[in-house]
Amino acid sequence: MSTPRITLYTRPGCHLCDDARVVVERVCADLGESFEEVDITTDDDLADRFGEDIPVTFVDGKQHDFWRVDENRLRAALG
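Everything numeric in this text was worked out from a predicted model, so none of it was measured.

S.K.: Describe the packing of helix α1 (residues 15-31) against helix α3 (residues 71-78), with residues and values.
M.R.: Axis separation between α1 and α3 bottoms out at 10 Å; the angle between their running directions is 40°. Our classification of the angle between α1 and α3 gives oblique. Considering the relative orientation of α1 and α3, their crossing is right-handed. Two secondary-structure elements touch here, α1 through V23, V24, R26, V27, D30 and L31 and α3 through E71, L74, R75 and L78. Partitioned by chemical class, the residues of the contact of α1 with α3 number six nonpolar, no polar and four charged.

Printed below as a string of structure tokens:
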């Protein structure tokens, strides 16, 4: 599979992260894309950078969304 175009920054126990993951997984499956998920609790810099603003979604290296993932907007960004 190719390099993931989407990076989803999350942390364990985050219900918004769980919701975002479902949307990202669905969009990736439909469009043949892949994503990587990064747990911010494993990196102090990421934890400081994103704090309570998770989940944070990046597309092609640029911040796309935080807190919630809008499925239509994500599809458009990948189109």
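Now that the structure has been shown, we can carry on.
S.K.: Residue-level account of the state of the cysteines, with values.
M.R.: For the structure shown, the criterion picks out one disulfide. Here C14 engages in a disulfide with C17; their sulfurs sit 2.5 Å apart. Disulfide C14-C17: torsion about the S-S bond near 80°, hence right-handed. According to the relative accessible area criterion, C14 is buried, its value standing at 11%. Assessed through its relative accessible area of 0%, C17 is described here as buried.

Cut-offs used in this document
- Residues numbered from 1 in each chain as written.
- Predicted model: local features only at pLDDT ≥ 70, side-chain atom pairs only at ≥ 80, totals over all residues.
- Heavy atoms only, no water.
- Axes fitted to C-alpha atoms, helices over the stretch in contact; angles between N-to-C directions.
- Helix = DSSP H or I, 4+ residues; strand = E, 2+ residues; numbered from the N terminus.
- Parallel < 35°, antiparallel > 145°, perpendicular 65-115°, else oblique.
- Left-handed = near helix turned anticlockwise from the far one by under 90°.
- Contact = heavy atoms within 4.5 Å.
- Nonpolar A, V, L, I, M, F, W, Y, C, P; charged D, E, K, R; others polar.
- Disulfide = S-S within 2.5 Å.
- Buried < 20%, exposed > 50% of the residue type's maximum accessible area, 1.4 Å probe, protein only.

These figures capture arrangement, not role.
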